[in-house]
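Overview (structure and organization)
Residues per chain, in single letters:
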Amino acid sequence: MPNDSGEWTVVAQNRAGKSSISITLTVDAKESLARPQFTEKLKNISVKQGTLVELAVRAIGNPIPDIVWLKNSDIITPHKHPNIRIEGTRGEAKFQIPSSVGSDSAWYTATAINKAGRDTTRCRVNVE
């Protein structure tokens, strides 16, 4: 514990005499890690074609987790999915398809990742 830092003295004593030695001890705090955990999860939704699809998640953990999105099993990138907008990647994130089409119907997954582990939430989006 950091509050154990300071000067420490050891004293030895017997009939022959007394001896002591002092040292300075510095204790560094170890980083406290916590696995990511979603506090706001994804829910299945159905929308009419041409309408907005909006998904939002929030995750806690230490360090604050990064959030990665997948469509079916494919990582969503601006190059592959130009019609999908993602805002935020650390701790909370929002996912939007401004004008949905039939091919947007899929399983969407958000994964929160940090040094301590990962958590996943998933939903089905149906565009009718």
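Further up the page is the structure itself.
Residues numbered from 1 in each chain as written. Predicted model: local features only at pLDDT ≥ 70, side-chain atom pairs only at ≥ 80, totals over all residues. Heavy atoms only, no water.

With respect to the overall build of the protein chain
In terms of regular secondary structure, the protein chain is built from 0 helices and 11 strands. Viewed in the frame of its principal axes, the protein chain has a C-alpha envelope of about 95 × 25 × 20 Å. Counting only residues that meet the buried cut, the protein chain has 27% of its 128 residues in that class. Counting only contacts in the protein chain whose residues sit at least 6 apart along the sequence, the fraction spanning at least 24 positions is 58%. Summed over its atoms, the accessible surface of the protein chain is roughly 8600 Å², and 51% of this surface lies on carbon and sulfur atoms. Within the protein chain, the 13 negative side-chain charges are centred at a point lying 5 Å from the centre of the 17 positive side-chain charges. (Helix = DSSP H or I, 4+ residues; strand = E, 2+ residues; numbered from the N terminus. Buried < 20%, exposed > 50% of the residue type's maximum accessible area, 1.4 Å probe, protein only. Contact = heavy atoms within 4.5 Å. Areas by Shrake-Rupley, 256 points an atom, 1.4 Å probe, with all protein chains shown as cover. Lys, Arg positive; Asp, Glu negative; His and termini not counted. Charge placed at Lys NZ, Arg CZ, Asp CG, Glu CD.)

Re the packing of aromatic side chains
This structure, assessed with the given rule, holds 2 aromatic pairs. Ring geometry for Trp69 against Phe95: centres 5.1 Å apart, planes inclined by 40 degrees, an arrangement best described as tilted. Placement of Trp69 in strand S6 (residues 66-71) and of Phe95 in strand S9 (residues 92-97) is noted, with a sequence separation of 26 residues between them. Across the pair, exposure class does not vary: Trp69 and Phe95 are buried alike. Ring geometry for Phe95 against Tyr108: centres 5.0 Å apart, planes inclined by 65 degrees, an arrangement best described as edge-to-face. Here Tyr108 lies in strand S10 (residues 106-114) and Phe95 lies in strand S9, a separation of 13 residues in the sequence. (Phe/Tyr/Trp six-rings, centres within 6.5 Å; stacked < 30°, edge-to-face > 60°.)

Focus on unusual backbone geometry
Of note, the bond from Asn62 into Pro63 is cis; its omega dihedral lies within 30 degrees of zero at 0 degrees. Tracing the backbone shows Pro63 in the loop between strand S5 (53-62) and S6. Within the chain, Asn72 stands out as a residue other than glycine whose phi angle is a positive 55 degrees. Mapped onto the elements of the fold, Asn72 is located in the loop between S6 and strand S7 (74-75). In this structure Asn72 comes out as partly exposed when scored by relative accessible area, which is 42%.

Looking at the side chain of Ser100
Mapped onto the secondary structure, Ser100 falls in the loop between S9 and S10. From its side chain, Ser100 meets the backbone oxygen of Thr51 in a polar contact 2.9 Å long. In contact with Ser100, not counting residues within four places along its chain, are Val47, Lys48, Gln49, Gly50, Thr51, Val53 and Val127. (Polar contact = N/O pair within 3.5 Å; in protein donor to acceptor, adjacent residues only side chain to side chain.)

Examining the pairing of S9
With 6 bridges connecting them, S5 and S9 associate as antiparallel partners. The residue of S9 that forms the bridge with Val57 is Ala93. The pairing of strand S8 (residues 85-87) with S9 spans 3 bridges and is classified as antiparallel. Bridged to Arg85 within S9 is Gln96. (Pairing = 2+ DSSP bridges.)

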